[in-house]
Amino acid sequence: MAAILKASSVPTRTLAYTSGSVYGSGNGDGSPAAPVITFDRSDPGTVVERRYPADTVEARIRLATALAEDDTGLLASLAVHDRPLVSPVALVCTQGSHDVCCGSEGARFAADAEAISDLTVYRVSHTGGHRFAPTAMTLPNGRMWADLDVPLLRQILSRTGDAAEVVDRCRGWWGVPTGPAQLAERAVLAADGWALEDRDRTVEVGDDHDGTATCVVSDGERAWSVAVTAARTVPTIACRQPGGLPAKPATEYRAGRGGAVSG
């Protein structure tokens, strides 16, 4: 598992979750048995969902062994199913032990979101950015969002309205590294609209000149050049520490307008 995470060129999250719709019949002792679920980005707009049983101690040991040894063959044999994700999913941070905002605002939002038809909601553990609660990742588009409410979530899921009006709530896309690349990709979403979600894309970050890097976002047919500037350094509170200290420094970036450079 460690090797898989280290080999990934983009952030990988391991999360605990609860969701009444995905529990198994139990562990034999009356406790619920939640399967282990992975979501892997495959093609743009497509997520491969794999579920592994965790209803017995033996099943957990086999899965832990396969993950620890990066045994892809064993993982494939253990999977209950392996299929493209069709219905949307929302991973909502509700871990109040890290921050009361997610434990309260996140939990309330998750309860409201569960009323949306054809949406599976997972209440998940620590995803960061608690001051932006409620926060969630939506799948299959693989985007993190801040300050969510149900009308905004419906707009994101249905891709209605102007994408440029909601990108300020987008905290990033799982297909590119953090920092300037995230801001550049988000700027192109604002410029090109929701159709971008259906096309694979890459971001190349150029050399930094006086705090500004030129990023090139490409979908294979078109490319956009976006100037991303390091704006300021702000303190970020430390989770589960008295007073949120010691604070960690974090850099805020600003993106210029994306302009087509080839087509």
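Relevant structure appears above.
What counts and what doesn't
- Residues numbered from 1 in each chain as written.
- Predicted model: local features only at pLDDT ≥ 70, side-chain atom pairs only at ≥ 80, totals over all residues.
- Heavy atoms only, no water.
- Helix = DSSP H or I, 4+ residues; strand = E, 2+ residues; numbered from the N terminus.
- Buried < 20%, exposed > 50% of the residue type's maximum accessible area, 1.4 Å probe, protein only.
- Polar contact = N/O pair within 3.5 Å; in protein donor to acceptor, adjacent residues only side chain to side chain.
- Pairing = 2+ DSSP bridges.
- Salt bridge = Lys/Arg side-chain N within 4 Å of Asp/Glu carboxyl O.
- Contact = heavy atoms within 4.5 Å.
- Axes fitted to C-alpha atoms, helices over the stretch in contact; angles between N-to-C directions.

(A) View of unusual backbone geometry. Put simply, Leu139 and Pro140 share a cis peptide bond, and its omega is 15°. Its location among the elements puts Pro140 in the loop between strand 7 (136-139) and strand 8 (143-145). Of note, Asp147 is a non-glycine position whose phi angle comes to about 50°, a positive value. On the secondary structure map, Asp147 appears in the loop between strand 8 and helix 5 (150-158). Asp147 gets classed as partly exposed once you look at its relative accessible area, which sits at 36%. The phi dihedral of Arg159 falls on the positive side, at around 55°, and the residue is not glycine. Its location among the elements puts Arg159 in the loop between helix 5 and strand 9 (170-173).

(B) Representation of helix 5. Those residues of helix 5 that sit buried are Val150, Leu152, Leu153, Gln155 and Ile156. The distance from a side-chain oxygen at the start of helix 5 to the backbone nitrogen of Leu152 is 2.8 Å, and the residue carrying that oxygen is Asp149. Two residues or fewer after helix 5 comes Arg159, characterised by a positive phi angle close to 55°.

(C) Looking closely at the pairing of strand 11 (residues 212-218). Of the two faces of strand 11, the one holding Ala213, Cys215 and Val217 is buried and the one holding Thr212, Thr214, Val216 and Ser218 is not buried anywhere. Sheet topology note: the strand 10 (residues 202-209)/strand 11 ladder contains six bridges and is antiparallel. Paired with Val205 across the strands is Cys215, a residue of strand 11. Hairpin connection of strand 10 to strand 11: two residues between the antiparallel strands, including Asp210 at a positive phi of 55°. As defined by bridge partners, strand 11 adjoins strand 12 (residues 223-236) across seven bridges and the pair is classed as antiparallel. Note that in strand 12 the partner of Cys215 across the bridge is Val226. Linkage of strand 11 to strand 12, two consecutive antiparallel strands, is achieved through a turn of four residues, within which Gly220 is found at a positive phi near 95°.

(D) Broad picture of the pattern of salt bridges. By the definition in use, this model includes 15 salt bridges. Glu49 is the salt-bridge partner of Arg83, the closest N and O atoms lying 3.8 Å from each other. Of this pair, Arg83 sits in strand 4 (residues 81-84) while Glu49 is found in strand 3 (residues 47-52), placing the two residues 34 residues apart along the sequence. What makes Arg83 partly exposed here is its relative accessible area of 42%.

(E) Structural context of the sheet that holds strand 6 (residues 120-124). Read from one edge to the other, the open sheet built from six strands follows the order 1-6-5-7-8-9, with strand pairing classed as mixed. Edge positions in the open sheet fall to strand 1 (17-18) and strand 9, since each of these has one partner strand only. Here strand 8 pairs with strand 9 via three bridges, running antiparallel. By the bridge assignment, Met144 is partnered in strand 9 with Gly172. Strands strand 8 and strand 9 of the sheet are contacted by helix 6 (residues 180-192), whose axis makes an angle of about 105° with strand 9.

(F) Representation of the sheet that holds strand 2 (residues 36-41). On the basis of which strands lie adjacent, the open sheet formed by three strands has the order 2-3-4 and antiparallel pairing. This sheet does not close on itself; its edge strands, each paired only once, are strand 2 and strand 4. Strand-to-strand twist across the sheet, computed as the mean angle between neighbouring axes with direction ignored, equals 15°. Both strand 2 and strand 3 contribute to a ladder of six bridges, which runs antiparallel. Within strand 3, the residue paired with Ile37 across the bridge is Arg51.

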